[in-house]
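Residue-level structure breakdown
Each chain is listed here by its residues.
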Amino acid sequence: MFRFTQISGGTHMTKGKSIHALIILMFTQFISGGVTNTKGIVLDQVENDLGLDMSEFGLVVFIFQLGFTLASVVIGYYTDKKGLRTMTIIGSIIMGLGFLGTGLAPNIMFFLGFYMIVGFGLGALGVASNAIIPAAYPKKQNQMFNFAMGVYGLGMVLFPQFLNYMFQFASWRYFYIGIAVSLVAVIIYITSVAFPSGKAEKIDLKAFIPMLKDAQFVFLMIFLVFQVSAEVSFMNFFPTYLKSLDLGGMSTADKEDMVATILSVFSIFFMAGRLGVAYLTNWINERIILITFSAGALLMVGASFLVAENFPYLFAGAGLFFSTLFPTATAFGTQLSKTGGSALGLIYIAAGIGGGLAGYIVGLASEAFGMTGGFSIVIVFLALMFITTFFLNSKKSSQTQA
């Protein structure tokens, strides 16, 4: 999400505030990682329960990404104005209402409406919770961001296994309602303990103009549109795609076990990749990393398609190559601008466009050409992303030369 800085004023941060902030951070990151990695698994269950067709499936993904993007851009401003405690509570309330509404939704129209609220709430809570680190741990930001990333990854690994077990005897509705109930506990906790202050880097709309005139930043936004398109399409449609394959006559229950295992292993690779590349950036520049890992993602997913019937577990390896693309591209973008908050605003707009349109496109294609035909569009997104990396070169940026 957005990067944050501590509010000035010399207020001493007590150890108690830091511990309370850490508890909230751990919980929100764990939930966010788990929910993000299991949208496809849950939507596959919703498809059977509410009669969701694949075009509507894609619309659900679009709605979620739209809400998430709006929150990512807007909530940082209000965190600066209203304070970290208030916005963390508001983010929890919004996400809780969204999950409660989707869990109780009687039809697809109600589900769509509340799923956008889920996306907005998840984005809002992500922005607010990430402000906790620089506010509570100003001298240990790098270590704590890595720790938060590890907790996020832990949620990604564990949630698919938990849901696969839960769906053997309970509806997806209980999962979403359970998250809503847990967020009530978060709100009660935040209101009853000492909590740090924090603020977001401000977004200056006027700063958008020179960035949009910079060919390098435009190429970066194009890269992010395709990168997020590929990642969102993979994460949301993979469970349904895999279950559509024959796989030697495997039962639906066995396929669901396989999906959960592949997503968990994918998440392990994803987490390891982010941690590893964080150290690689000390010796290798962002452009080389983006080219290398884009090529790796394209080759891995392409090869996995070729052997999907015989060795579907190969798809899990894509997690290693997907892992570093977005954070590395974000670092590349913030270096192109003197206004980091505004750069991040445009980055998340590009990501939101990619994620939203991709879900809708893949959904329509899946409805028209079947799941294999629709899911294969991921390869198209990856190929376009890879081609775009060759146009990225920070030394050619008009802003860095100025």
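Just above, that's the structure.
So, here's what we can say about the structure. (Residues numbered from 1 in each chain as written. Predicted model: local features only at pLDDT ≥ 70, side-chain atom pairs only at ≥ 80, totals over all residues. Heavy atoms only, no water.)

1. A few points about the nonpolar core
- Membership of the largest hydrophobic core comes to 117 residues, with the highest contact counts inside it found for Phe 111 and Phe 322.
- The leading source of residues in this core is helix α9 (residues 215–244), at 15 residues.
- In terms of domain composition, this core takes at least three residues from each of domain 1 (15–196) and domain 2 (203–393).
- Not counting residues within four places of it along the chain, the set of residues in contact with Phe 111 comprises Leu 43, Val 46, Leu 50, Val 60, Thr 102, Ala 105 and Trp 172. (Core = buried A, V, L, I, M, F, W, Y, C linked by side-chain atoms within 4.5 Å. Buried < 20%, exposed > 50% of the residue type's maximum accessible area, 1.4 Å probe, protein only. Helix = DSSP H or I, 4+ residues; strand = E, 2+ residues; numbered from the N terminus. Domains from an automatic or database assignment. Contact = heavy atoms within 4.5 Å.)

2. A short note on the pattern of salt bridges
- For the structure shown, the criterion picks out 3 salt bridges.
- A salt bridge links Arg 173 to Asp 49, with the shortest nitrogen-to-oxygen separation between them at 3.4 Å. Of this pair, Arg 173 sits in helix α7 (residues 172–192) while Asp 49 sits in helix α1 (residues 15–50), and the two are 124 residues apart along the sequence.
- For Lys 243, the salt bridge identified is with Glu 256, shortest N-O distance 3.1 Å. Of this pair, Lys 243 sits in helix α9 while Glu 256 sits in helix α10 (residues 252–280), placing them 13 residues apart in sequence.
- Since its relative accessible area comes to 18%, Lys 243 is described here as buried.
- When salt bridges that share partners are traced, they join Asp 44, Lys 243 and Glu 256 into one network. (Salt bridge = Lys/Arg side-chain N within 4 Å of Asp/Glu carboxyl O.)

3. Considering the packing of α9 against helix α13 (residues 325–335)
- With their axes 11 Å apart at the nearest point, α9 and α13 run at an angle of 165 degrees to one another. Of the possible angle classes, the one that applies to α9 and α13 is roughly antiparallel. Along this stretch, α9 crosses α13, giving a crossing that reads as left-handed. Taken together, the residues of α13 that come into contact with α9 (itself represented by Gln 216, Phe 217, Leu 220, Phe 223, Leu 224, Gln 227 and Val 228) are Leu 325, Phe 326, Ala 329, Phe 332 and Gly 333.
- Taken together, the residues that form the contact of α9 with α13 break down as 9 nonpolar, 3 polar and no charged. (Axes fitted to C-alpha atoms, helices over the stretch in contact; angles between N-to-C directions. Parallel < 35°, antiparallel > 145°, perpendicular 65-115°, else oblique. Left-handed = near helix turned anticlockwise from the far one by under 90°. Nonpolar A, V, L, I, M, F, W, Y, C, P; charged D, E, K, R; others polar.)

4. What about the environment of Leu 314?
- Checked against the element boundaries, Leu 314 lands in the loop between α11 (286–306) and α12 (318–322).
- Taking the C-alpha atoms as reference, Leu 314 lies 8.1 Å from Ala 303; in sequence the two are 11 residues apart.

5. Some points on the environment of Leu 52
- In this fold, Leu 52 is placed in the loop between α1 and α2 (54–82).
- Sequence spacing of Leu 52 and Asn 107 is 55 residues, and the spatial spacing of their C-alpha atoms is 9.5 Å.
- Residues contacting Leu 52, with those up to four places away along its chain left out, are Leu 43, Val 46, Glu 47, Phe 57, Val 60 and Ile 108.

6. Here's the deal with the packing of aromatic side chains
- Within the structure shown, the criterion is met by 31 aromatic pairs.
- Aromatic side chains Phe 266 and Phe 270 sit 6.1 Å apart centroid to centroid with 25 degrees between the ring planes, which places their arrangement in the stacked category. Taken together, the residues span about one helical turn, with Phe 266 and Phe 270 both in helix α10 at a distance of 4 residues. Phe 270 matches Phe 266 in its accessibility class, with the two residues each being buried. (Phe/Tyr/Trp six-rings, centres within 6.5 Å; stacked < 30°, edge-to-face > 60°.)

7. Focus on empty space enclosed by the protein
- Using the criterion set out here, one finds 2 cavities of 30 Å³ or more in the structure.
- As a volume, the largest cavity reaches approximately 110 Å³.
- Taken together, Ile 41, Asp 44, Gln 45, Pro 160, Asn 164, Phe 167, Pro 239, Lys 243, Glu 256, Val 259 and Ala 260 make up the lining of the largest cavity.
- Residue assignment for the lining of the largest cavity shows that the elements contributing at least two residues are α1, α6 (141–166), α9 and α10.
- In terms of residue class, the lining of the largest cavity is built from 6 nonpolar, 2 polar and 3 charged. (1 Å grid on protein atoms, 1.4 Å probe; cavity = no way out; pocket = protein on both sides within 12 Å on 5 of 7 lines; lining within 4 Å. Points joined across faces, edges and corners; volume = space filled by probe spheres on them.)

8. Some details on α11
- Taking 1.5 Å per residue, 21 residues should reach 30 Å; α11 reaches 30 Å between its end C-alpha atoms and fits that length.
- Measuring from the side-chain oxygen of the N-cap residue of α11 to the backbone nitrogen of Arg 287 gives 3.1 Å; that N-cap residue is Asn 285. (Expected span 1.5 Å × (residues − 1). Polar contact = N/O pair within 3.5 Å; in protein donor to acceptor, adjacent residues only side chain to side chain.)

9. Some points on a nonpolar patch on the surface
- On the surface, Tyr 279, Leu 280, Trp 283, Ile 284 and Ile 288 cluster together to form a nonpolar patch covering roughly 530 Å² of accessible area.
- When you line up the elements, Ile 288 lands in helix α11. (Patch = residues over 30% accessible without salt bridge, like charges linked within 9 Å, V, L, I, M, F, W, Y side chains within 5 Å. Areas by Shrake-Rupley, 256 points an atom, 1.4 Å probe, with all protein chains shown as cover.)

10. Structural notes on the packing of α9 against helix α15 (residues 377–389)
- Two elements in contact, α9 and α15, have axes separated by 8 Å at closest approach and are oriented at 155 degrees. When the axes of α9 and α15 are compared, the pair comes out roughly antiparallel. α9 and α15 meet at a crossing whose hand is left-handed. Only Val 378, Phe 381, Leu 382, Leu 384, Met 385, Thr 388 and Thr 389 of α15 make contact with α9, whose side of the interface consists of Phe 219, Ile 222, Phe 223, Phe 226, Gln 227, Ser 229, Ala 230, Ser 233 and Phe 234.
- Per-class residue counts for the contact of α9 with α15 are 11 nonpolar, 5 polar and no charged.

11. Description of the environment of Lys 255
- Tracing the backbone shows Lys 255 in helix α10.
- Along the sequence, Lys 255 and Thr 240 sit 15 residues apart, while their C-alpha atoms lie 9.9 Å from each other.
- Dropping the residues within four chain positions of it, Lys 255 is found in contact with Leu 242, Lys 243, Leu 245, Asp 246, Leu 247 and Met 250.
- Looking at Lys 255, its side chain comes within polar contact range of the main-chain oxygen of Lys 243, at 3.1 Å.

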